[in-house]
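Observations on the model geometry
For reference, the chains in residue letters:
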Amino acid sequence: MSSTELPGVRAVVAAAPPVASAVKVAEGEELRSVALPGLTLTVRSRTPGRDGLPPALFVHGLGGSSQNWSALMPLLQGVVDGEAVDLPGFGCSPPPDDGNYSVTGHARAVIRFLDAEERGPVHLFGNSLGGAVATRVAAVRPDLVRTLTLVSPALPEIRVQRSAVPTGLLALPGVAALFARMTREWTAEERTRGVMALCYGDPARVSEAGFREAVAEMERRMELPYFWDAMARSARGIVDAYTLGGQQGLWRQAERVLAPTQLVYGGRDQLVSYRMARKAAAAFRDARLLTLPDAGHVAMMEYPEAVAQAFRELLDECGGS
């Protein structure tokens, strides 16, 4: 039994918490709040296509939210009972009481949620930071994970891409506050275009409606008093995870993952290098690799059909459950 689980703790499911009207809830989606000791998680779900489908959980990346999976989840509605979680301090989830935004802290939140809900084992999906979190969950609690699908997972790189350096600098003390002051006059549209230019292989693929929704979400996030703190502490958590060695190192934990694993990498990813794809495929013992040359950092948002097809093929190999 891992030290990151709390046996016997049951979730308290309440009505959806008060959220700003700008929060996007797509047709067919529902939000609910799950209260656990020391943290509260907002969970986005869709009614499964039929009864008895295996559960799935989707974990977003740094600065993201459960909305990052809204394009993919409907495509898998007929094969999994899917839920996407807002990690502590992101989306509609408030900060954790202990202020722990490390990869281990986020992984602990996911484990506690799965244990409390008794939904495991799940088909676990993770993007970027969420990919590192999902890797750690699969390594320390293999009983909770049926399959693992990682989209541009934030696994340690020796030579970080130059375009990823500014994100890493957020981990330095005072940098996030300085950046917040320097960009105080930026509009939500300017911020959103900057994020999309960094995360998408081709930002022109985003529809006008999708862009407006992203701007509204950016406006909402910037009003949260803990926004920059959550970003800075989570960025620091990624940097710290990159420096860990031994059994706690993410690459060592990747080698311990027993679950069949689907890896997805984008050729235009400016945050996680495309060259890491083959290293990851060699590290995970039961891995399949999908490379999308035109995708950026968020392939599940840019090419959800391709990611969905890769998962369906993984599911077929595993006997359909």
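For clarity, every value in this text was computed on a predicted model and none was experimentally measured.

The rules we used
Residues numbered from 1 in each chain as written. Predicted model: local features only at pLDDT ≥ 70, side-chain atom pairs only at ≥ 80, totals over all residues. Heavy atoms only, no water. Helix = DSSP H or I, 4+ residues; strand = E, 2+ residues; numbered from the N terminus. Buried < 20%, exposed > 50% of the residue type's maximum accessible area, 1.4 Å probe, protein only. Contact = heavy atoms within 4.5 Å. Areas by Shrake-Rupley, 256 points an atom, 1.4 Å probe, with all protein chains shown as cover. Pairing = 2+ DSSP bridges. Core = buried A, V, L, I, M, F, W, Y, C linked by side-chain atoms within 4.5 Å. pLDDT = per-residue confidence, 0-100. Axes fitted to C-alpha atoms, helices over the stretch in contact; angles between N-to-C directions. Parallel < 35°, antiparallel > 145°, perpendicular 65-115°, else oblique. Left-handed = near helix turned anticlockwise from the far one by under 90°. Nonpolar A, V, L, I, M, F, W, Y, C, P; charged D, E, K, R; others polar. Phe/Tyr/Trp six-rings, centres within 6.5 Å; stacked < 30°, edge-to-face > 60°.

**Overview of the overall build of the chain**
- Scanning the chain from N- to C-terminus turns up eleven helices and nine strands.
- Taking all 321 residues of the chain together, 53% fall into the buried category.
- The long-range fraction of contacts in the chain, counting pairs at least 24 apart against all pairs at least 6 apart in sequence, stands at 74%.
- Summed over its atoms, the accessible surface of the chain is roughly 13800 Å², and 53% of this surface lies on carbon and sulfur atoms.

**Details of the pairing of strand β5 (residues 81–86)**
- The element β5 is largely enclosed, with a buried count of five among its six residues.
- Looking at chain direction, strand β3 (residues 39–46) and β5 are connected through four bridges and run antiparallel. Its bridge partner lying in β5, S45 is registered against E83.
- Pairing of strand β4 (residues 55–59) with β5 involves five bridges; the strand directions are parallel. Across the sheet, F58 pairs through a bridge with A84, a residue of β5.

**Quick look at the nonpolar core**
- L57, L124 and L148 are the most contacted members of the largest nonpolar core, which has 54 residues in total.
- Ranked by residue count, the leading element in this core is helix α1 (residues 103–117), at eight residues.
- In this structure, L57 is in contact with E83, V85, V110, F113, L114, V122, H123, L124 and F125, ignoring residues within four places of it in sequence.
- L72, M73, A84 and L314 belong to the second largest nonpolar core, which has 32 residues in total.

**Here's the deal with the confidence of the model for the chain**
- Of the residues in the chain, 84% have a pLDDT of 70 or more, and the chain-wide mean is 86.
- Note that residues 1–21 has pLDDT below 50 and, in this model, 41 contacts with residues that lie over four places away or in other chains.

**Description of the packing of helix α5 (residues 188–199) against helix α6 (residues 208–222)**
- It is at 9 Å that the axes of α5 and α6 come closest, and there the two elements cross at 110°. In terms of orientation, α5 lies roughly perpendicular with respect to α6. The handedness of the crossing between α5 and α6 is right-handed. Residue-level inspection shows A188, E189, R191, T192, R193, V195 and M196 of α5 in contact with α6, the latter providing F211, R212, A214, V215, M218, E219 and M222.
- When the residues that make up the contact of α5 with α6 are grouped by side-chain class, the tally is eight nonpolar, one polar and five charged.

**What about the environment of G267?**
- Among the secondary structure elements, G267 is positioned in the loop between β8 (261–266) and α9 (276–283).
- Beyond its immediate stretch of four places on either side in the chain, G267 contacts Y274, L292, P293 and A295.

**Structural notes on unusual backbone geometry**
- Here G120 and P121 are connected by a cis peptide whose omega angle stands at 0°.
- Mapped onto the elements of the fold, P121 is located in the loop between α1 and β6 (122–127).
- Positive phi, normally seen in glycine, also occurs at E118, with a value near 55°.
- Among the residues examined, E118 registers a relative accessible area of 58% and is labelled exposed.
- A positive phi angle, close to 55°, is found at S128, a residue other than glycine.
- Within the element layout of this structure, S128 appears in the loop between β6 and α2 (129–140).

**A short note on the packing of aromatic side chains**
- Applying the stated criterion across every chain yields a total of five aromatic pairs.
- When the centroid spacing of 5.1 Å and the interplanar angle of 80° are considered together, the rings of F227 and W228 count as edge-to-face.

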